[in-house]
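What follows is each chain in one-letter form.
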Amino acid sequence: MCKHYLYSILCISTSLCFKPFRCRSLPAQRKYMRSPPIPEMATQEVQLSETLAHLKTESDTLKGKLEEERAKLHDVELHQVAEKVEGLGQFVMKTRRTLKGHGNKVLCMDWCKDKRRIVSSSQDGKVIVWDAFTTNKEHAVTMPCTWVMACAYAPSGCAVACGGLDNKCSVYPLSLDKNENLAAKKKSVAMHTNYLSACSFTNSDMQVRLSRMGEDTCSSFVTALHHFFDLTELFKVFRHVLHDFMSLQGCDKKANVWDMRSGQCIQSFETHESDINSVRYYPSGDAFASGSDDATCRLYDLRADREVAIYSKESIIFGVSSVDFSLSGRLLFGGYNDYTINVWDVLKGTRVSILFGHENRVSTLRVSPDGTAFCTGSWDHTLRTWA
Amino acid sequence: MLTKTNIQENLSCDLVHESPLWSGSVLLEMQDPKTGVKSQPQRLVITTIPHAITGEDILSWLADRFQIDTQEARNFGSMLVALGYIYPLQDHKRLVIKPDASLYRFQTPYFWPTQQWPVEDTDYAIYLAKRNIRKKGILELHEQEQYNRLHKWMNHKWDFIVMQAKEQYRAAKERKKPDRVVFDCQERAYWVVHRPPPNPHPNLNLIPNSNTNPQTKMIFTQQSIMRPRVKSSVSIGALVKYCATYNGHDPFLSKCLPSNPWITDDITYWNLNMPNVEIPTKMRVERWTFSFGELLSDPRGRDDFRLFLKKEFSGENLAFWEGCEDLKWGTAATMREKAEQIYKSFLARGAPRWINIDGKTMEITVNGLKHPHRYVLDAAQTHIYMLMKKDSFGRYLKSPVFKDTLKKAVCPEDDAQLEQNAKNRRPSLSPIVLRQQEKEHRAKMAANAPVDITQVMSKLSKTGKEVSPCRRPPPPAKT
């Protein structure tokens, strides 16, 4: 047997006596001594433990108070109000287009404001601009790195931003000249440390919002596509979504709402049992939905400051990677890791439809700007448009 | 389709961090004596610990095995170290992979994160106590703090903890020195992953995340308590109402007229709803009545509103609002100029398009303009927005301009026949072309722009001529 395996096994056998100490019963006759606090720590100990204890109890009391305040104004549940609402009929939603062309997992996609073009990025390092209606590829950019985790279409429809493991966000102005090398005209913003996990344009082609993996902060950079690259202020903004000055963020199990102007976190909700993968505003901007690894989607009301609905089913055990609302906000679409898409009635809390088609997990889902369709990207290398 | 086999596959994937690579088979491959990463003995003072590997060897093996470039290999290697599958022997607190001769070792599978046993404070307390027994004063500052904290909170079982620590220490002494060193390293590495020391490299160029500091957390909680809240019945009622209002406009819930392009391959719907179409559809016009925000966000709606305001000679409000938007979303380079331009045109005393805002807001804005930033005109913009919303919007909806637009609006018929016309997909004009066209159109409009009445009046009054308000020069005919 190989020598180094022996070491591993040896260590396992010796360590085994440490692990289940909880299971060991203490022999009654054994006399054991209480360990005295180590002298040099004694003086520190008093101060430190007092402050820590004090802080902890105060913090807990405050949290309790917050929940009390939140509960005071909670006089009705969503499903109660929704009882008076008409039920939804049967839905016939099918894949209307399948976009094939990526060589690896599709990681991100975004719609163009013209309601038919999309940009998608994948693990093979390619960023493709499609006319999803005709399924033609219109532009293709090969990024210098693989794992392009984020991409976005500019509001004018004339540029795309993307980035990923290259620790940069690159903005490519699109050109009709087929021979033009798009990479030559690109403008990049360096992320310095971690890789880019999400990006989106603000209301103009001039500004891009970025968020880094593993960090709560993010930067908003302005690039002047026609002039020189211009690095400006730092905003505290994150993965999803822009709605004027407020931005949503899913950070571990918490969903936070940030004010970009002041860089302050305004509200925080912690009800999910696992990491949040996606957050999206309700069309009116007064609520938002989140999708998490705990296989549920939840709806949070910003004005009432609480979670108002949980969308889950016992038969759904895989995490949600991506969520989005239909135009009226009545339907919530969720892309799941078990290759399916579940469609929820936001008001009544029931699932209205389950859609099959993808052959691997759904990684990204967005409803088109006019709500006529939604597009999903998957690890099966394809994108599908559903209506 | 989901089948039994791929459910199993997926389940194991989900349990072990996303990709099947993490199932441990990779690590076993890496440890293979023939095809794995090259290992070498590490020399300590008296003893020699075998099977240490260098950072650069790890990276080159990964790059070779997975056919990836160095950067990706580095990323992958860093993940292995950060999660605790491989641990560094030197600089054990920094969990990164260094592409040089720095030494690493494979963590025993017992300590792998995939084992998924919960990391308990009791274990940590025993570990710290054990280290204390071995050598007093060996604990680092953050470990001392943790130790004190645990001592305080677990006082009731502290003798149990000490007893366990002593037993473990005794058992360790009975092992051979090389094994002991290896195990100590492994255990230490495990705790560095699960109870990391405080971050020694603060972010210099970023606003730090203030939510982790317990005191700021408390301030945040206090502020949250003071936040004004709305009764659930009110806010939920608003959500339900929104759904009801937009129900007819949601293509998934109501029929899209004449048809949904994705279903019938007919793009009439999109053609009828182009951003700057001359004659809008009835549905679109109806949507403008839902809220002022809807009217402004639709370019056709905004144009209609602008026309109405021009007739009322209060176009400056909308122009100011648009200027503020331009400032917010534009490039930083031109920001200062833009802010000054806006001030000169709208805010300064005697400005040609002076807007009516209250004294306090004016004061705040003027002060802010001394050091202009993106949101300096925020207060004034909100004021003007609310003014338009409460006053002009209502009057617009009752105005002849709106009524005229509504009358002319088209209502396409439901064309179910089109379902048969499938596969008639033609490409559309690229947004790049459209933008070019728009630019040209705007340039043409600017060249034929109607005269700004206030400018005319001020010019004329400057030349000493009194102009009767009744005999205004007529605006030039629109081409």
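None of these values were measured; they are calculated from a predicted model. (Residues numbered from 1 in each chain as written. Chains lettered and ligands numbered in written order. Predicted model: local features only at pLDDT ≥ 70, side-chain atom pairs only at ≥ 80, totals over all residues. Heavy atoms only, no water.)

Some words on the overall build of chain A
Which entries qualify depends on this criterion: Strands here are runs of E lasting at least two residues and helices are runs of H or I lasting at least four, both read from the DSSP assignment and numbered beginning at the N terminus. Exposed residues in this analysis have more than 50% of their type's maximum accessible area, buried residues have under 20%, and partly exposed residues fall in between, with area computed by a 1.4 Å probe over protein chains only.
For chain A, the helix and strand inventory stands at 3 helices and 28 strands. Here chain A, with 387 residues, has 59% of them falling under the buried criterion.

Digging into the overall build of chain B
Counted only if it meets this: Whether two residues touch is decided by their heavy atoms; if any such pair falls within 4.5 Å, the residues are in contact. Where accessible areas are quoted, they stem from the Shrake-Rupley method and a 1.4 Å probe; at the residue level, only the protein chains shown are allowed to cover.
Per the secondary structure count, chain B includes 22 helices and 4 strands. Here chain B holds 479 residues, and the buried ones make up 41% of them. Put simply, of all contacts in chain B between residues at least 6 apart along the chain, 60% involve residues at least 24 apart. As displayed, chain B offers around 26800 Å² of accessible surface, 56% of which is attributable to carbon and sulfur atoms.

Quick notes on the packing of helix α5 (residues 121-134) of chain B against helix α7 (residues 158-173) of chain B
Residue and element names in this part refer to chain B. Defined as follows: Convention adopted: a line fitted to C-alpha atoms gives each axis, helices being fitted over their contacting stretch, and angles between N-to-C directions are expressed from 0 to 180 degrees. Each angle is binned into one of four classes, with values under 35 degrees roughly parallel, values over 145 roughly antiparallel, values of 65 to 115 roughly perpendicular, and all other values oblique. Handedness of each helix crossing follows the sense of rotation of the near helix against the far helix: counterclockwise by less than a right angle gives left-handed, clockwise gives right-handed. Under this grouping Gly is polar, as are all residues other than the nonpolar Ala, Val, Leu, Ile, Met, Phe, Trp, Tyr, Cys and Pro and the charged Asp, Glu, Lys and Arg.
At a minimum axis distance of 8 Å, the contact between α5 and α7 shows a crossing angle of 60°. Considering the angle they form, α5 stands oblique to α7. In this structure, α5 meets α7 at a crossing whose hand is right-handed. Of the residues in α7, those touching α5 at Thr122, Ala125, Ile126, Ala129, Lys130, Ile133 and Arg134 are Trp158, Ile161, Gln164, Ala165, Lys166, Gln168 and Tyr169. A class-by-class count of the residues in the contact of α5 with α7 yields 8 nonpolar, 3 polar and 3 charged.

Side note on the pairing of strand β2 (residues 48-54) of chain B
Residues and elements named next belong to chain B. Quick reminder of the rule: Pairing between strands is defined by DSSP: at least two bridges between the two strands are required.
In the sheet, strand β1 (residues 40-43) pairs with β2 via 3 bridges, with the strands oriented antiparallel. When the sheet's bridge partners are listed, Gln42 is paired in β2 with Ile49. Two elements, β2 and strand β4 (residues 103-106), share 2 bridges in a ladder whose sense is antiparallel. What sits directly across from Thr54, in β4, is Leu103.

Observations regarding the environment of Leu272 of chain B
Residue and element names in this part refer to chain B. Mapped onto the secondary structure, Leu272 falls in helix α12 (residues 268-272). Through-space distance from the C-alpha of Leu272 to that of Pro412 is 8.8 Å; in sequence the pair is 140 residues apart. Discounting residues that sit within four places of it in the chain, Leu272 has contacts with Pro258, Val277, Ile279, Thr281, Arg284, Val410 and Pro412.

Observations regarding the nonpolar core
We count it as follows: Among buried residues, those of type Ala, Val, Leu, Ile, Met, Phe, Trp, Tyr and Cys that are joined through side-chain atoms within 4.5 Å constitute a nonpolar core.
Phe305, Phe320, Leu347, Leu377 and Tyr396 of chain B are the most contacted members of the largest nonpolar core, which has 33 residues in total. Looking at this core, the elements with two or more residues in it are α13 (282-288), α14 (292-297), α15 (299-312), α16 (315-329), α17 (335-347), α19 (378-397) and α20 (400-408) of chain B. Counting residues per element, this core draws most heavily on α16 of chain B, at 6 residues. In this view, Phe320 of chain B contacts Ile342, Phe346, Leu347, Ile355, Ala380, Gln381 and Ile384 of chain B; residues no more than four positions away in its chain are not counted. Leu78, Trp344 and Leu347 of chain A together with Cys243 of chain B belong to the second-largest nonpolar core, a separate cluster that totals 30 residues.

Describing α17 of chain B
Since the α-helix packs 3.6 residues into each turn, any two residues three or four apart lie on the same face. All names here are of chain B. Test applied: Working definition: the arc comes from the directions between the helix axis and the C-beta atoms, pointing outward to the latter.
Those residues of α17 that fall on the buried side of the exposure criterion are Met335, Ala339, Ile342, Ser345, Phe346 and Leu347. The arc enclosing the buried residues of α17, seen along the axis, measures out at 145°, which places them on a common side. Residues of α17 that are exposed and point over 90 degrees away from its buried face: Glu337 and Lys344. Buried residues belonging to α17 abut α16 and α18 (359-368).

Describing the packing of α16 of chain B against α17 of chain B
Residue and element names in this part refer to chain B. Across the interface, α16 lies against α17 with an axial gap of 10 Å and an inter-helix angle of 170°. In terms of orientation, α16 and α17 fall into the roughly antiparallel class. For α16 against α17, the interelement crossing comes out left-handed. Here α16 contributes Glu316, Ala319, Phe320, Gly323, Cys324, Asp326 and Leu327 to the contact with α17, which in turn contributes Met335, Lys338, Ala339, Ile342, Phe346 and Leu347. The residue inventory of the contact of α16 with α17, partitioned by class, reads 9 nonpolar, 1 polar and 3 charged.

Thoughts on the confidence of the model for chain A
For residues with low pLDDT, the predicted coordinates do not support detailed interpretation. Residues and elements named next belong to chain A. Put simply, the rule reads: Values of pLDDT, the confidence the predictor places in each residue, fall between 0 and 100.
Summarising the model, chain A shows a mean pLDDT of 76, and 71% of its residues fall at 70 or more. Between residues 1-41, whose pLDDT stays under 50, and residues either more than four places distant or in other chains, the model counts 61 contacts. Here residues 213-242 is a poorly scored stretch, pLDDT under 50, and it has 123 contacts once near neighbours within four places are set aside; other chains count.

Focus on the sheet that holds strand β21 (residues 306-311) of chain A
Pairing within the open sheet is antiparallel, and its 4 strands lie in the order β18-β19-β20-β21 (chain A). Across the chains shown, the open sheet's two edge strands, defined by having one partner strand only, are β18 (276-281) and β21 of chain A. For this sheet, the mean inter-axis angle between neighbouring strands, taken without regard to orientation, is 25°. Sheet topology note: the strand β20 (residues 297-301) of chain A/β21 of chain A ladder contains 5 bridges and is antiparallel. Bridge pairing links Tyr300 of chain A to Glu307 of chain A in β21 of chain A. Taken strand by strand, helix α10 (residues 232-246) of chain B contacts β19 (287-292), β20 and β21 of chain A, and its axis lies near 115° from that of β20 of chain A.

Quick look at the UniProt feature "repeat: WD" (unreviewed entry) in chain A
All names here are of chain A. Heads up, the rule is: UniProt positions are given in the numbering used here, feature names are shortened, and annotations may be inferred rather than shown by experiment.
Annotation from UniProt places "repeat: WD" (unreviewed entry) at residues 99-140, 269-310, 320-354 and 355-387. Summarising residues 320-354: 0% helix, 60% strand, and an end-to-end C-alpha distance of 13 Å. Secondary structure content for residues 355-387 is 0% helix and 52% strand, while the C-alpha to C-alpha distance between its ends is 11 Å.

Some details on the environment of Lys389 of chain B
Residue and element names in this part refer to chain B. With respect to the secondary-structure elements, Lys389 resides in helix α19. Look at Lys389 and you get partly exposed, because its relative accessible area is 40%. When the C-alpha positions of Lys389 and Ser291 are compared, they lie 8.6 Å apart, and in sequence the two are 98 residues distant. In this view, Lys389 contacts Phe292 and Gly394; residues no more than four positions away in its chain are not counted.

Overview of the packing of aromatic side chains
The line we're drawing: Two rings belonging to Phe, Tyr or Trp (six-membered ring only in the last case) form a pair when the distance between their centres is within 6.5 Å. Interplanar angles under 30 degrees mark stacking, angles over 60 mark edge-to-face geometry, and anything in between is tilted.
Counted by the stated rule, this structure contains 30 aromatic pairs over all chains. Both rings, one in Phe133 of chain A and one in Trp270 of chain B, keep their centres 5.4 Å apart while their planes meet at 70°; by these two values the pair is edge-to-face. Of this pair, Phe133 of chain A sits in the loop between β4 (126-131) and β5 (136-142) while Trp270 of chain B is found in helix α12, placing the two residues in two different chains. Assigned by exposure class, Phe133 of chain A and Trp270 of chain B land together as buried. Relative to Trp191 of chain B, the ring of Tyr190 of chain B has its centre 5.1 Å away and its plane inclined at 80°; by these criteria the two rings are edge-to-face. Looking at Trp191 of chain B, the relative accessible area reads 6%, which means it is buried. Through a chain of ring-to-ring contacts, the aromatic side chains of Phe292, Phe305, Phe308, Trp321, Tyr385, Phe393, Tyr396 and Phe402 of chain B assemble into a single cluster.

So, the side chain of Thr264 of chain B
Residues and elements named next belong to chain B. The condition that has to hold: Polar contact criterion, stated in full: a pair of N or O atoms within 3.5 Å, where within protein one must be able to donate a hydrogen and the other to accept it, and residues adjacent in sequence count only if both atoms are side-chain atoms.
Counting through the fold element by element, Thr264 comes out in helix α11 (residues 261-264). For Thr264, a relative accessible area of 4% corresponds to the buried category. Within the local environment of Thr264, its side chain forms a polar contact with the side chain of Ser259, the two groups lying 2.8 Å apart.

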